[in-house]
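Here is how the chains run, residue by residue.
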Amino acid sequence: MATATTSAGTPRRDAAPEELQVVPVRHYGRWVAALAAVAALVGLAGSLAKNDNLHWDVVGRYLFADLIFHGLVTTLWLTAAAMALGLGLGTLIAVMRLSSSPVLYGLGTFFVWVFRGTPLLVQIIFWGYAAALYKYVLIGIPFTDITFFSIETNSLLTPAVAALLALGLNEAAYASEIVRAGIQSVDPGQAEAAHSLGMRPALTMRRIVLPQAMRVIIPPMGNETINMLKMTALVSVISAHDLMSNIQDVYAQNYQVIPMLVVASLWYLALVTLLGIPQAWLERRYGRGTSRAGYVSPLRRMLGGTVSLVRIKHKETAR
């Protein structure tokens, strides 16, 4: 192969790109590990498929049963309502904790301390049996006998409402910390510039700070949504008629515990997969302009590299 040289006999640095031979790095260890992992996965899948104790006929019979769909509806609306309550209340608590008022800061900190410090299962049972603490819910003038509204606690706090309160208030404690971290990630100079233009603090928070904080808030909040979907299974302890409650009702009658748990797992996996699609889209949208926004997965890089090699070879053949 000829090398371009100068008049002094030294090699030139502006050699044509066609004279350079690029040899990619070989990662044999990665391929061996990948093949071993795929072989183990195929072996496990084959073992489960041939296992008669799983009773795949039971799984197929109940996978699309009406009782399962009724539980799915309850699970989905509990997830959506609890996340809406948690995000709205959590944003308010985050602003309270960032306030210069010691009263607002103290109340916000106390809320997070209580609902983040006690287990979610305890909170669900507490709201489910709140009638043992207060038989009636009264609205009136404190320290007087004047009452405007009165209702039995059991009539007001149905299992679904109790589950919503427990999930929503618990999520608000975690969401407040996520939102607070996102707000603090924004440069304080952004708010100062907005204030110098005459924008009020509330408008600055809504139009300047929060849109920039979304890049930090979206990924953990997406994980919280997925986690909320799975945490709804805990409300089965108060018979809220969610997916897991209905699954337990079925295997309590037919004693097919493992097949029914497989049905529940398949539906939870399907729902989590669907929730991951909008999360990934939101992360890309709010991550524009950052280095992470241009991240490409290893599989896409491998496919892209293969296509590029094919195009290079095609061009060389054409020459």
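Overview of the structure. Fair warning: this is a prediction, and the values are worked out from it, not measured in the lab. (Residues numbered from 1 in each chain as written. Predicted model: local features only at pLDDT ≥ 70, side-chain atom pairs only at ≥ 80, totals over all residues. Heavy atoms only, no water.)

What the protein contains, in helices and strands, is 12 helices and 2 strands. In the protein, the succession of α and β elements from N to C terminus is α-α-α-α-α-β-β-α-α-α-α-α-α-α. Out of the 319 residues in the protein, the part that is buried amounts to 27%. Restricting the contact set of the protein to residue pairs at least 6 apart, pairs at least 24 apart contribute 68%. Summed over its atoms, the accessible surface of the protein is roughly 21300 Å², and 65% of this surface lies on carbon and sulfur atoms. (Helix = DSSP H or I, 4+ residues; strand = E, 2+ residues; numbered from the N terminus. Buried < 20%, exposed > 50% of the residue type's maximum accessible area, 1.4 Å probe, protein only. Contact = heavy atoms within 4.5 Å. Areas by Shrake-Rupley, 256 points an atom, 1.4 Å probe, with all protein chains shown as cover.)

With 24 residues, the main nonpolar core has Ile 124, Ala 163, Leu 167, Val 179, Ile 217, Met 221 and Val 235 as its most contacted residues. Those elements that provide at least two residues to this core are helix H3 (66–97), helix H5 (120–128), helix H7 (159–184) and helix H9 (201–231). When residues of this core are assigned to their parent elements, the largest contribution, 8 residues, is made by H7. With near-sequence residues (within four places) excluded, Met 221 lies in contact with Met 83, Leu 87, Glu 171, Ala 175, Ile 178 and Val 179. Of all hydrophobic cores here, the second largest spans 22 residues; its members include Leu 54, Val 59, Ala 65 and Tyr 268. (Core = buried A, V, L, I, M, F, W, Y, C linked by side-chain atoms within 4.5 Å.)

Two strands pair when backbone bridges link them, and strand E1 (residues 136–140) and strand E2 (residues 147–152) are joined in this way by 5 bridges, in the antiparallel orientation. Across the sheet, Tyr 136 pairs through a bridge with Glu 152, a residue of E2. In this antiparallel pair of consecutive strands, E1 and E2, the connection spans 6 residues, and Phe 143 shows a positive phi of 65°. (Pairing = 2+ DSSP bridges.)

Quick look at the packing of helix H8 (residues 188–196) against H9 now. Across the interface, H8 lies against H9 with an axial gap of 10 Å and an inter-helix angle of 140°. As H8 packs across H9, the resulting crossing turns out to be right-handed. Taking contact as the criterion, the partners of Gln 190, Ala 191, Ala 194 and His 195 in H8 are, on H9, Pro 201, Thr 204, Ile 208, Val 209 and Gln 212. Here the residues of the contact of H8 with H9 sort into 5 nonpolar, 4 polar and no charged. (Axes fitted to C-alpha atoms, helices over the stretch in contact; angles between N-to-C directions. Left-handed = near helix turned anticlockwise from the far one by under 90°. Nonpolar A, V, L, I, M, F, W, Y, C, P; charged D, E, K, R; others polar.)

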